[in-house]
Structures are given as C-alpha cells and as structure tokens.
Amino acid sequence: MKSLILHTTTRLMMAVLVLFSIFLFFRGHDEPGGGFIGGLVGAGAFTLYAIAFGTEATRKILKVHPITLIAYGLLSLVISGIIPFFTGEPFLTGKWLMMEIGGSEIKLSSPLIFDIGVFLCVVGFIVAVIFALEEEELPANTNH
Amino acid sequence: MDFFSIAILGVYILLSLALLISLVRVIVGPTLPDRVVALDLIAFIVISFIAAYSISSGHPVYLDVAIVMALIAFLGTIAFARYVIQYSNKTKSEGGHV
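Note that the structure is a prediction, hence the values are computed from the model and not measured.

Novice: Looking at this structure, I do not really get the interface of chain A and chain B. What am I missing?
Specialist: Where the parts come together, the accessible area they lose is often given as the size of the interface. Between chain A and chain B, the residue contacts involve 20 residues of the former and 18 residues of the latter. The contact between chain A and chain B buries some 1,700 Å² in all, and 77% of this surface belongs to carbon and sulfur atoms. Taken together, chain A and chain B are joined by 2 salt bridges. Across the pair A:Glu134 and B:Arg82 runs a salt bridge, and its minimum N-O distance is 3.2 Å. Of all the elements in the fold, those that place two or more residues in the side of chain A that touches chain B are α1 (4-27) and α2 (35-53) of chain A.

This is the structure in structure tokens:
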C-alpha cells in the first residue's frame, strides 16, 4: 500500500513488535507468555510489513521460506524430546542446566528448546497463510 | 465506598456508554469507512477496559494484554483500508458505482 504514514510507522513498529515478541517469549516459563503468544506477535510484525511494502519485500527480509521455518521448528521440538534419552529418562522430560557467568545465574533447559520450536512453527504458519492471502487476486466478478 | 471504587465504577460506566455508542455507529454507519473507524474505536475502548480492570484488580499482568492489543489492533484497520482502496479502484476501472 502506498502511504508515507504507513511506511514510516511500519519501520518504527517492526522493532517494537519484534522486541515485545522476544520479551514475551523469554518470560514464558513461569509467567504469562511463551512460544505461542511470542510467535503470534512476531508474525504480526511480518504481517504489518507485508501489508505496507508487499510480500516480495517481506520474503526478502525473512530470508527463508515460511514453510522452512515450520520444518526447523518441528526439528527443534524433536531435539528437545531426544535430550533426556541420554540420561535414560522418558521422552520430553525437562532437563535443566544451571550456569554461573559473571555472578548471575543462567538457566538453560530443554523446555526452552521446545519453546523455540513452538515459536518458529507459529511464525512460519501465520506468515505462510498471510502470504497466501496477500498474493491472491480479487475475484473477477464481485457482486455486492 | 471510597473514592477509588467510585472512580473505577465511573470509568466502567463511561466506557460501556462509549462501547454502546460506537456499536450503534457500526450498525447504522451509512458507509463502509464509518463502520471501519467504529470497529477501530471499539478495539481501543476494549484496551481501556483491560487497563481499568488491571488497576481495579491490582494485577499488572493484564497490562501486557493491553500492550499486545494496542500493537495488533490497528492491523485490522489497515487491512480494511487496503480492501477499500482495492475495491474502489476495481469498481472505478469497470465503470461501476461504489
């Protein structure tokens, strides 16, 4: 859509939306948030870009095909499920790794990898649907 | 009843009135742009509802819902605007009326 206001606002809002999506994603385990809602907000950023600049420009900044994102998301879901096999525990058991770097504690876990998978799946799915809808032509005979 | 709960009650009543009036505009609205603007207004009144409820209940978590809605709500309006532009271009080129 050709509009100076929309283009300028989109450049500002993209950063805010992506930042908020990452914030929601990392807060997810103990408080409201997580991979799903973070992915929805992140997909909202790409939807806004697709409406303002067209799908071609959005494909260019996304770098990979949305379906590829879904595939990598499923791969990381499987990886998070396989990790507990190495200690002889059932599939998808949550494993935690506590590290201390520079006086602050960093918690790495297999649920985090699972959440990254959910995030990628949601972003890939929503962006694929939006691209399909955006690239569709208006029907030839509209009877309103 | 202290001042705080009276103020919250007043906010709820005023917001409900605003919601009702914009609903009337959605139903009556003579043209499509009127309805689109009214729907946009309804989304932002809902955001105000969430913020007021967050204050009255004392849970700041609800403010995140308001932030997400404020970031996303205008997407629908932009999509509607796009549709209106496409549709008017199409009918103009076919010589029809909007």
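Having seen it, we continue.
Novice: Just to check I follow, could you spell out the pattern of salt bridges for this structure?
Specialist: For side chains of opposite charge, pairing can occur when their charged atoms come near one another. Residues and elements named next belong to chain A. As enumerated under the stated definition, the model contains 4 salt bridges over all chains in all. Note that Arg 59 is salt-bridged to Glu 135, the shortest N-O span being 3.0 Å. Separated by 76 residues along the polypeptide, Arg 59 in helix α3 (residues 55-62) and Glu 135 in the segment after α5 (110-134) bring together distant segments of the chain. Here Glu 89 ties to Lys 95 by a salt bridge, and the two come within 2.7 Å at their closest N and O atoms.

Novice: Just to check I follow, could you spell out the nonpolar core for this structure?
Specialist: Across soluble globular proteins, you tend to see nonpolar side chains buried next to one another. By size, the foremost hydrophobic cluster in this structure holds 17 residues, and its most contacted members are A:Leu17, A:Phe20, A:Val41, A:Leu48 and B:Ile78. Looking at this core, the elements that each hand over two or more residues are α1 and α2 of chain A together with α3 (62-93) of chain B. If near-sequence neighbours (up to four positions away) are discounted, A:Phe20 is found in contact with A:Val41, B:Asp64, B:Ile67, B:Val68 and B:Leu71. Counting residues in each nonpolar core, the second largest holds 10 residues, with A:Phe25, A:Phe46, A:Ala50 and A:Phe119 among its members.

Novice: Would you take a moment to explain helix α1 (residues 3-28) of chain B for this structure?
Specialist: Working note: α-helix, 3.6 residues per turn, so residues spaced by three or four point in the same direction. Residues and elements named next belong to chain B. Relative to the 38 Å expected for 26 residues at 1.5 Å per residue, α1 spans 38 Å between its end C-alpha atoms, a close match to the ideal helical length. When α1 is considered as a whole, its buried residues turn out to be Ile 8, Leu 15, Ser 22 and Val 26. Looking at the buried side of α1, the elements it contacts are α2 (32-57).

Reading guide: rules and limits
Residues numbered from 1 in each chain as written. Chains lettered and ligands numbered in written order. Predicted model: local features only at pLDDT ≥ 70, side-chain atom pairs only at ≥ 80, totals over all residues. Heavy atoms only, no water. Contact = heavy atoms within 4.5 Å. Buried area = accessible area lost by both parts, 1.4 Å probe. Salt bridge = Lys/Arg side-chain N within 4 Å of Asp/Glu carboxyl O. Helix = DSSP H or I, 4+ residues; strand = E, 2+ residues; numbered from the N terminus. Core = buried A, V, L, I, M, F, W, Y, C linked by side-chain atoms within 4.5 Å. Buried < 20%, exposed > 50% of the residue type's maximum accessible area, 1.4 Å probe, protein only. Expected span 1.5 Å × (residues − 1).

Coordinates in, geometry out; function isn't part of it.
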